[in-house]
Structures are given as structure tokens and as C-alpha cells.
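Okay, here's what each chain looks like letter by letter:
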Amino acid sequence: MLYYITYSALYLVSLLPLRVLYFFSDVFCPFVRLFYRRDVVRTNLREAFPELSDVELSRIERRFYSQLCDYVVETVKLFSISREELMRRMSFSGLDAINMGFDDLGKDTFFSYLGHYGNWEWIASLQYWMPNAKCCQIYHPLYNRTFNRIFLKLRQQYGGECIPMKSTLRQLLRLRSEGRHIVCGFISDQQPKWNAIHHFTPFLNHDTAVYIGTEQLGKRMDAMVFYAHVTRPKRGCYNCEFQLLTYTPRECGDYELTDRFMQLLEQDIKADPSLWLWTHKRWSRTREEWERRNNAKTNSESL
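All of these numbers come straight from a predicted model, not from anything done at the bench.

Conventions and cut-offs
- Residues numbered from 1 in each chain as written.
- Predicted model: local features only at pLDDT ≥ 70, side-chain atom pairs only at ≥ 80, totals over all residues.
- Heavy atoms only, no water.
- Phe/Tyr/Trp six-rings, centres within 6.5 Å; stacked < 30°, edge-to-face > 60°.
- Helix = DSSP H or I, 4+ residues; strand = E, 2+ residues; numbered from the N terminus.
- Buried < 20%, exposed > 50% of the residue type's maximum accessible area, 1.4 Å probe, protein only.
- Lys NZ or Arg CZ within 6 Å of the ring centre and 35° of its normal.
- Arc of directions from axis to C-beta.
- Contact = heavy atoms within 4.5 Å.
- Polar contact = N/O pair within 3.5 Å; in protein donor to acceptor, adjacent residues only side chain to side chain.
- Pairing = 2+ DSSP bridges.
- Lys, Arg positive; Asp, Glu negative; His and termini not counted.
- Salt bridge = Lys/Arg side-chain N within 4 Å of Asp/Glu carboxyl O.
- Expected span 1.5 Å × (residues − 1).
- Bend = angle between axes of the 7 residues up to and from the residue.
- Axes fitted to C-alpha atoms, helices over the stretch in contact; angles between N-to-C directions.
- Parallel < 35°, antiparallel > 145°, perpendicular 65-115°, else oblique.
- Left-handed = near helix turned anticlockwise from the far one by under 90°.
- Nonpolar A, V, L, I, M, F, W, Y, C, P; charged D, E, K, R; others polar.

1. Remarks on the packing of aromatic side chains
This model, assessed by the stated rule, comprises 22 aromatic pairs. For the ring pair Y128 and Y158, a centre distance of 5.4 Å and an interplane angle of 85° mean the geometry is edge-to-face. Here Y158 lies in the loop between α8 (145–156) and β4 (161–164) and Y128 lies in helix α7 (residues 126–129), a separation of 30 residues in the sequence. The same class applies to Y128 as to Y158, namely buried. Here the guanidinium or amino end of R149 rests over the ring plane of Y3, the centre of that ring lying 3.8 Å away.

2. Looking at helix α9 (residues 168–177)
Considered for burial, the residues of α9 that qualify are T168, Q171, L172 and L175. When α9 is viewed along its axis, its buried side chains cluster within an angular range of 100° and face the same direction. Residues of α9 that are exposed and angled more than 90 degrees away from the buried face: R170 and S177. Contacts from the buried residues of α9 go to β2 (109–114), β3 (134–139), β4, β5 (182–187) and α10 (213–221). Just beyond α9, the residue with positive phi is G179, at close to 75°.

3. So, the environment of Y158
Relative accessible area serves as the criterion here: at 7%, Y158 is assigned to the buried category. Separated by 14 residues in the primary sequence, Y158 and L172 have C-alpha atoms spaced 19 Å apart. Every residue in contact with Y158, bar those within four places of it in the chain, is listed here: L78, L86, E121, A124, S125, Q127 and Y128. Here the side chain of Y158 touches Q157 through a polar contact of 3.5 Å, side chain to side chain.

4. Some words on the pairing of strand β7 (residues 206–209)
As paired strands, strand β6 (residues 200–203) and β7 are joined by 4 bridges and run antiparallel to one another. Each bridged residue has a counterpart across the sheet, and for T201 the counterpart in β7 is T208. Between β6 and β7, which pair antiparallel in sequence order, lie 2 residues; one of them, L204, sits at a positive phi of approximately 50°.

5. A look at the side chain of K134
Looking at the secondary structure, you find K134 in strand β3. Despite being buried, K134 has no salt bridge partner; E161 is the closest side chain of opposite charge, sitting 4.2 Å away. In this structure K134 touches Q127, G159, G160, E161, L175, R180, H181, I182 and V183, once residues within four positions along its chain are discounted.

6. Comments concerning helix α2 (residues 18–35)
Because an α-helix completes one turn every 3.6 residues, residues spaced three or four positions apart along the sequence face the same direction. For α2, with 18 residues, the first-to-last C-alpha span of 25 Å sits near the 26 Å given by 1.5 Å per residue. At F28, α2 is bent by approximately 40°, the largest bend along its length, and proline P30 sits one to four residues beyond. L18, L21, Y22, S25, C29 and R33 are the residues of α2 that are buried. The inward-facing, buried residues of α2 contact α1 (2–14), α3 (38–48), α4 (54–77) and α5 (83–89).

7. Observations concerning the sheet that holds strand β1 (residues 90–93)
Two pairing modes exist for strands in a sheet, parallel and antiparallel, and in both the strands are linked by backbone hydrogen bonds. With mixed pairing, 7 strands are arranged side by side in an open sheet as β1-β9-β8-β2-β5-β3-β4. The open sheet has two free edges, formed respectively by β1 and β4, since each of these has just one partner strand. On average, each strand axis in the sheet is tilted by 30° relative to the strand beside it, whichever way the strands run. Examined bridge by bridge, β3 and β5 share 4 bridges and lie parallel to one another. Within β5, the residue paired with C135 across the bridge is V183. Those strands touched by helix α6 (residues 95–103) are β1, β2, β5, β8 (224–234) and β9 (237–246), and its axis lies near 160° from that of β8.

8. Observations concerning the packing of α3 against α4
One can describe the packing of α3 onto α4 by two numbers: an axis separation of 10 Å at closest approach and a directional angle of 130°. The orientation of α3 with respect to α4, classified from their angle, is oblique. Note that α3 runs across α4; the crossing there is right-handed. Only L57, I60, E61, F64 and Y65 of α4 make contact with α3, whose side of the interface consists of R38, V41, R42, L45 and R46. Class assignment for the residues of the contact of α3 with α4 results in 6 nonpolar, no polar and 4 charged.

9. Looking at the environment of R180
Take R180: it is sitting in the loop between α9 and β5. When the C-alpha atoms of R180 and R282 are compared, they prove to be 36 Å apart, with 102 residues separating the residues in sequence. Filtering out sequence-adjacent residues up to four positions away, R180 remains in contact with D108, A133, K134 and L175.

In C-alpha cells:
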């Protein structure tokens, strides 16, 4: 019942024109900035850009909260937006390099690294641009069952498939066995859990723990690997340019693809910091604590 009530309410709001939704975004933005994780955002910005002045950091903070509120109303708009309007507002480039891998190189799987940058919800509409492939995305189920169900419906309404992280390999192998071209996006800038940390890399002035699952799966499935370079030409419009990292991941060294993704994402963030999600505690897992935990585990197992 709660799902249907929430979905219906959001659907009705989504019927408003986007310009009206942006008006509400502007109205509520100062309140969101005042009450929602402001200390976390300020700490992250200060540590990521120690060379910037307080005035410059404050400007980035204001622009970030504006983008965050836009992301919310843009996501709400997905409840009713037409295919034509979404394809006009969310465009993709670099598809020729992907199709060349499918058609000329005999590849059947395409992986793309993504970050929480721009509007990652709109990127799920890639299925509209690649109708001959099966588009899917890896996701972490939300703790709130109502919103988990809502987001699954939103993300799969274009014809793609959401794959829970724990069953990624099994589901991808299933799609491969069906003879489909597979297009899969991995949002890979989250902070891994302690037991999932295997590598640290420099990122935004921090020694940063990173997921290596995309790289491992890419090598396992011999997938071509790309990076999703996202830009926001104007309010309400995004472009995602797929940039080739490799057609042959098995020839890459350990952590090479992961490190390259983090380098490219850092370049994008420095170009426009407001488009990245600064509200999460990205650097709470340090190398020192990770090593301490590993040493303690090793010592306990040796007893």
C-alpha cells in the first residue's frame, strides 16, 4: 500500500513541466544546504581542494547543492517523462567505438565505469540508444523496501535490467548464454566495505580505497571497457561520452583499469566539482586502519 501511495504521489508531481520542478528546486535548495549533511560536504571539499580559498569552496558548495536538488527533481520527472524528451535531454556519444567492438572485433560484452556524477539515473536510458543490446546496471538494493521497488521500476522502464551486486557474474553469464550483446554500467566510486578492500589509489588528495570488481569481471568476461565521461551543457541536459579504456582487459596489469577510472573521474570532478556527490563519507576507511584490521585477523588465525 505504501508503495502505491508513494508512487502515485511522485507520479502526479512529475507531471509538472521541468521548468516548474526547477523552480521548486531553487526554492528548497537553501534549506537543503542548511540541513542536509553540510558538515560532511564542507569537510570533503576542504580536504579534496586544500589549495582553494574559503570563498571558492563556498561557491562550489552552493553550486553542488543546486545540482543535488536538480538531481532530485530530474529523477522525479522520470516517472512520466516521454521517450522523446528524455532522449533530447540525455544524449550519448562514443557509441561507434562500442559497436565496432561488437561488430568488427567479435566482442559480446561492454562494461562502462560510472561515477556519481551529473545525473546517473538518466544514464539508464542508454537502452533507447542501443536497442539491439541488453543494457543492465549493477546496483546495491536500498534498505527501504518501498524506495528500492520504486527505483527498480524507474531504472528498468527503458527495457534494461538491474542486477544485484551479489549476483553480478551469474546474471551476466546468463545473458551471455542467451547470445545477447551485453551493455553493463558499474557505478564504481563508492566506498567499499572493509572485507571488500583490496586496493588503494590516489584520488582527490586522499589515499582512497576502491572497488576492483569491475576490473576483475572485465577480465573474467574479456569485455571491452569504457569510461562514461559526463557533462552538463546546460540545465536539464546531459551528455555521456563513452571513452575507450581497452578492448583487451586481460592484457592490462593489476589495478590498471581501476586506477585509470579514478584518474579520469578526478579530472571530471576538478573540471566541475558541483556535479559529483559530496554528501557521502567517501574517505572514512583509511589504509592504516585496513592494515591494522588485516594484521589483527592474520594474528588471530595463526593462534
